[in-house]
Amino acid sequence: MNFKIDQQRLNRELDTLASFSADPAPAVTRVVFSEQDLAARAWIKERFREAGLTMRDDAVGNTFARWAGANPDLPAVGTGSHIDAIPHAGKFDGTVGVLGSLEAIRALQAAGFKPRRSIELVLFTAEEPTRFGIGCLGSRVISGSLTPAADVQLREASAGPEGHGQTLESVRKSAGFTGSLDSALLPQNYFSAFIELHIEQGSILESEGVSVGLVSDIAAPAAFHIVIEGEGGHAGARLMPGRKDALCAAAEIILAVERSVLATGATDTVGTVGICQVHPGAMNSIPSRVQLSLDLRDTDAARRDAALEQIHNACGEIASRRRVAIKLETINADAPAQSSPEIVKALKEACDAEAVSYRTMVSRAYHDTLFMARLAPVAMMFIPCKGGVSHRPDEYSSPEQIHQGVKVLARVLAGLSAI
Ligand code: HGY
Ligand code: MN
Ligand code: MN
Ligand code: MN
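Note on numbering: residues in each chain are counted from 1, in written sequence order. Each chain is given a letter, starting from A, and each ligand a number, starting from 1, according to the order in which they appear as written. Local features in this predicted model are restricted to residues whose pLDDT is 70 or higher, and side-chain atom pairs enter the listing and the counts only when it is 80 or higher, whereas totals over whole chains, interfaces and linings include all residues. With hydrogens and water set aside, each side-chain value is computed from the structure's full complement of heavy atoms.

Asker: Break down the site of ligand 1 for me, citing the residues and quoting the values.
Answerer: We call a residue near a molecule or strand as soon as one heavy atom of that residue lies within 4 Å of the molecule or strand. Taken together, Glu 127, Glu 128, Gln 201, Arg 297, Ala 365, Tyr 366 and His 391 make up all the residues around ligand 1. Residues adjacent in sequence count toward polar contacts only when both atoms are side-chain atoms; beyond that, a polar contact is any pair of N or O atoms within 3.5 Å, and within protein one must be able to donate a hydrogen and the other to accept it. With respect to ligand 1, the backbone of Tyr 366 contributes an N or O atom lying 2.8 Å from an oxygen atom. Calculation of accessible area relied on Shrake-Rupley with a 1.4 Å probe; when residues are assessed, cover is drawn exclusively from the protein chains displayed. Starting from 210 Å² of accessible surface for ligand 1 in isolation, the protein chains cover 93%. Along the lines of polarity and charge, the residues of the shell around ligand 1 split into two nonpolar, two polar and three charged. By the convention adopted, Pro, Cys, Tyr, Trp, Phe, Met, Ile, Leu, Val and Ala count as nonpolar, Lys, Arg, Asp and Glu as charged, and the other residues, Gly among them, as polar.

Right, dumping it as structure tokens:
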């Protein structure tokens, strides 16, 4: 079957979507449930409507856009990604998987293809942890990976641009997404397969000149708050001996994170302290309280947890030597996910049919597919991004690179929805 990807239209749509941003171009800031996010969702739903897809929103703001198959009762083939963007990010993270899936569907429609089982495009809500401090909120909810209590336990992260401390429940309901969280739970046989197209956010594909990465494993993400309570005081009058400076302790903890992660000797173990909030945050006042965020990942959950153990021990030693209190609170600690060999095989066949080069690889970034793997057989497809840059305004994938990924996606969606 021949079909044609309308790359010009897709390029225009990616540019338009990027314009829904709280920061000026080339940065994209689109925090979940913000004014920019809701406007972007409305715009995308118009595109879904134009493509004749039937839509529904669930209680947490995931949008499901379905191209009904001849046998609508069969489990659908799922695809999709996210459009929320962390502050000062780029225009391709997530959006290539949403608009690229739409373009794959439109190309198949234009070619006269008729799916036997439905194809359903999912626009996941809140893939980024920016607002509520936890990533993949939408796919966690539908896969039963988050308890309904999270509705009132999760609050806006104070470091986030919307940091007013409102609960998930109040924010989602003011954005118009009502109903209980458990009403969004999907049954195991809702999807027969799920495939996500995404930029690599690393530089392997570009450095090897390969067009597509077929993801075999998605690393196991874990996130923590580390709170250090010391003793404040006057920066001038309080002499050095006996100080309990929370920020000095925090500095040692950050280096202990780096040391513990490197000590595993595995390239797949990564650790980052991305947020450091200092109280009271005055030049002439000794920091009395610091809150750090810890992002710790590995393709091997046991190795990740061994590094965490080391960090725990280091905190204990720093706390007693500096006579400060250190608390480590877990936000999430998830298992890794493996792609389904059958779907990876289908992707390989689609790449061969489209003469697109590929290699298998690991995803060190997490994605909604990590949780979709708890609902259905999954796979991910990466396309290269310039210099491996992502979560930055200069994030870039060329129209040609996007085109390669979308045509393989169209081919595999046709194949999986025909059976
Ligand atoms: O952090 C991640 O891995 C994803 O890009 N949110
Ligand atoms: Mn991201
Ligand atoms: Mn992403
Ligand atoms: Mn992701």
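Asker: Describe the coordination of the manganese ion (ligand 4), listing the residues and the values that go with them.
Answerer: Any nitrogen, oxygen or sulfur atom within 2.8 Å of a metal ion counts as a donor, with the limit raised to 3.2 Å for Na, K and Ca, and since water is left out, coordination shells can look unfinished. Bound to the manganese ion (ligand 4) on the protein side are Glu 127 (OE), Tyr 366 (O) and His 367 (ND1), at distances that span 2.1 to 2.6 Å. Taken in sequence order, the residues that donate to the manganese ion (ligand 4) follow the motif E-x238-Y-H. A separation of 4.6 Å is found between the manganese ion (ligand 4) and the manganese ion (ligand 2). With Glu 127 in the loop between strand E6 (119-124) and helix H4 (137-142) and His 367 in the loop between strand E15 (358-363) and helix H11 (369-372), this pair connects stretches of sequence that are 240 residues apart. Counting from the N terminus, the helices are the DSSP runs of H or I reaching at least four residues and the strands are the DSSP runs of E reaching at least two.

Asker: Which residues make up the coordination of the manganese ion (ligand 3), and what are the values?
Answerer: Around the manganese ion (ligand 3), the protein contributes the donor atoms His 82 (NE2), Asp 93 (OD) and His 198 (NE2), at 2.0 to 2.2 Å from the metal centre. Of note, the manganese ion (ligand 3) draws all its donor residues from one chain, in the sequence arrangement H-x10-D-x104-H. Taken as a pair, the manganese ion (ligand 3) and the manganese ion (ligand 2) lie 3.5 Å from each other and share Asp 93 as a ligand. Of this pair, Asp 93 sits in the loop between strand E5 (85-89) and helix H3 (95-110) while His 198 sits in strand E7 (residues 191-199); the two residues are 105 residues apart in sequence, bridging distant segments of the chain. The classification of residues rests on relative accessible area computed with a 1.4 Å probe and restricted to protein chains. Under 20% of the type maximum is buried, over 50% is exposed, and intermediate values are partly exposed. You can call His 198 buried: its relative accessible area is 0%.

Keep in mind these numbers describe shape, not what the thing actually does.
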